[in-house]
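One letter stands for each residue in the lines below.
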Amino acid sequence: MQRLCYLSMVPHGGFHWLYRDLEGVWSAPDKGPNIDDDELLDDARLFQRPELFQDLPGWFLCADSAQFPVGSAPNMGAPKDAPELYLEFARSEPSPDRIISLANQYGFLRPDFCLGQTYDETSRAVAVDKWHLEGLAGHGLTFRAESLYFWYEWIAHIRGRLSDWKLLKSQDQDIARYLEYSFNPDLVGSLAFQLEVSAETGSPESRFVASSLAQFLEVQWGASIANGVEHRPCPECDAWFSVKPGLGRPEKQVCSPTCRVRAHRRRKAVR
């Protein structure tokens with residue numbers, strides 16, 4: 001039995017917000033991000049090169065390196081009870097509160113593009129992050145930081161995958177070209193084949209390990225397409241849901257019993 005998992009980086013104490021100004025100075029304001037939609041970046045070139053987000057001023061999800069295992073790989077494994085994590089991201093409102101909640105559950109999107117900052121007695125980061133000082137100062141520890149803008153863009157990206165595929169299928173367009181030029185190039189270094197011993201049977205089992213949460217989401221979506229899963233937006237709440245071949249009702253049009261009742265009441269009201 002094969003399973004898909006990823007190299008997760010979730011700090012033991014959770015994430016917090018830091019702000020970096022135009023001069024590269026970090027601070028921890030009392031109030032966290034409050035960004036309006038019209039202030040968000042909308043530049044496809046930045047998404048194609050996520051490291052550029054890290055060069056911009058703005059808000060960052062941060063975690064202290066002391067909260068990660070020292071001298072070992074990050075905790076490995078797909079989150080339990082999240083077989084369709086890409087759908088959870090697609091259904092998420094791109095707000096700071098929701099993003100930090102996702103990060104606390106699933107970790108950094110791209111740890112390889114995270115910023116690092118060394119703590120020492122003369123670091124300006126120490127001067128503005130007073131609450132980090134106790135137990136950390138003088139140990140040369142670092143924090144890791146990932147741009148909030150990158151998270152906004154990634155949620156939009158996953159939604160775009162779903163809507164693009166639905167449009168391609170409905171208009172009978174060239175899906176081979178889409179996969180070749182729009183999907184496959186994003187899967188750089190995404191998977192590694194490994195063996196593990198099953199805790200239930202004691203026998204070896206295979207697994208594929210994605211190099212990051214971001215790549216895990218891409219592969220999850222791709223695997224769902226390869227398995228014939230159809231994705232639909234709920235007409236009542238706009239949330240995306242899946243319809244799997246041979247499972248459930250193929251004519252399903254709403255995402256949940258709540259929306260089914262809502263749709264029934266709406267149809268009844270217009271009669």
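Please read these numbers as outputs of a predicted model, since none were measured by experiment.

1. Details of the overall build of the protein
Each helix and strand counted, the protein has eight helices and ten strands in total. Evaluated residue by residue, the protein yields a buried proportion of 42% over its 271 residues. A separation of at least 24 residues holds for 70% of the contacts in the protein among residues at least 6 apart in sequence. Carbon and sulfur atoms make up 51% of the accessible area of the protein, which amounts to about 15200 Å² in all.

2. What about the pattern of salt bridges?
Tallied over the full model, the rule gives six salt bridges. Between E84 and K244 there is a salt bridge, and its shortest N-O distance comes to 2.7 Å. In this pair, E84 is assigned in the loop between strand 4 (58-64) and helix 2 (85-91) and K244 in the loop between strand 10 (240-243) and helix 8 (257-269), connecting sequence segments 160 residues apart. The closest approach of N and O atoms between E196 and R207, which form a salt bridge, is 3.0 Å. Highlighted residues: E196 in strand 7 (residues 191-197) and R207 in strand 8 (residues 204-210), separated in sequence by eleven residues. Across the pair, R207 and E196 agree in class, each one buried. Where salt bridges share partners, they join R3, E196 and R207 into one cluster.

3. Focus: the packing of helix 5 (residues 148-170) against helix 6 (residues 175-183)
Their axes nearest at 10 Å, the elements helix 5 and helix 6 cross at an angle of 160 degrees. Here helix 5 is positioned roughly antiparallel relative to helix 6, judged by the angle of their axes. Relative to helix 6, the crossing made by helix 5 is right-handed. Touching R161, D164, W165 and L168 of helix 5 are I175, Y178, L179, S182 and F183, all from helix 6.

4. Focus: the nonpolar core
Most often, soluble globular proteins have nonpolar side chains that are buried together. One finds F89, L109, W151, L213 and L217 to be the most contacted residues of the largest nonpolar core, which totals 41 residues. Elements with a contribution of two residues or more to this core: strand 4, helix 2, helix 3 (96-106), helix 5, helix 6 and helix 7 (213-226). With ten residues, helix 5 is the single largest residue contributor to this core. Once residues within four sequence positions are removed from consideration, L217 is found in contact with L85, Y86, F89, L109, W154 and I158.

5. Things to note about the side chain of R232
Topologically, R232 is positioned in strand 9 (residues 230-233). At 3.0 Å, the side chain of R232 forms a polar contact with the side chain of E230.

6. Focus on the confidence of the model for the protein
Detailed reading of the predicted coordinates is not advisable wherever pLDDT is low. For the protein, the average pLDDT comes to 75, and 72% of its residues sit at 70 or higher. The least confident element of the protein is helix 4 (residues 124-128), whose mean pLDDT is 37; the most confident is helix 2, at 94. Scored below 50 in pLDDT, residues 37-47 makes 18 contacts in the model with residues more than four places away or belonging to other chains. Confidence drops under a pLDDT of 50 for residues 119-141, and excluding neighbours within four residues, the segment shows 34 contacts in the predicted structure.

7. Digging into the pairing of strand 7
Bridge analysis of strand 7 against strand 8 gives seven bridges, and the strand direction is antiparallel. The residue bridging Q194 from the neighbouring strand is R207, located in strand 8. Hairpin geometry of strand 7 and strand 8 is characterised by an intervening segment of six residues between the two adjacent antiparallel strands and by a positive phi of about 75 degrees at G202.

What counts, and at which threshold
Residues numbered from 1 in each chain as written. Predicted model: local features only at pLDDT ≥ 70, side-chain atom pairs only at ≥ 80, totals over all residues. Heavy atoms only, no water. Helix = DSSP H or I, 4+ residues; strand = E, 2+ residues; numbered from the N terminus. Buried < 20%, exposed > 50% of the residue type's maximum accessible area, 1.4 Å probe, protein only. Contact = heavy atoms within 4.5 Å. Areas by Shrake-Rupley, 256 points an atom, 1.4 Å probe, with all protein chains shown as cover. Salt bridge = Lys/Arg side-chain N within 4 Å of Asp/Glu carboxyl O. Axes fitted to C-alpha atoms, helices over the stretch in contact; angles between N-to-C directions. Parallel < 35°, antiparallel > 145°, perpendicular 65-115°, else oblique. Left-handed = near helix turned anticlockwise from the far one by under 90°. Core = buried A, V, L, I, M, F, W, Y, C linked by side-chain atoms within 4.5 Å. Polar contact = N/O pair within 3.5 Å; in protein donor to acceptor, adjacent residues only side chain to side chain. pLDDT = per-residue confidence, 0-100. Pairing = 2+ DSSP bridges.

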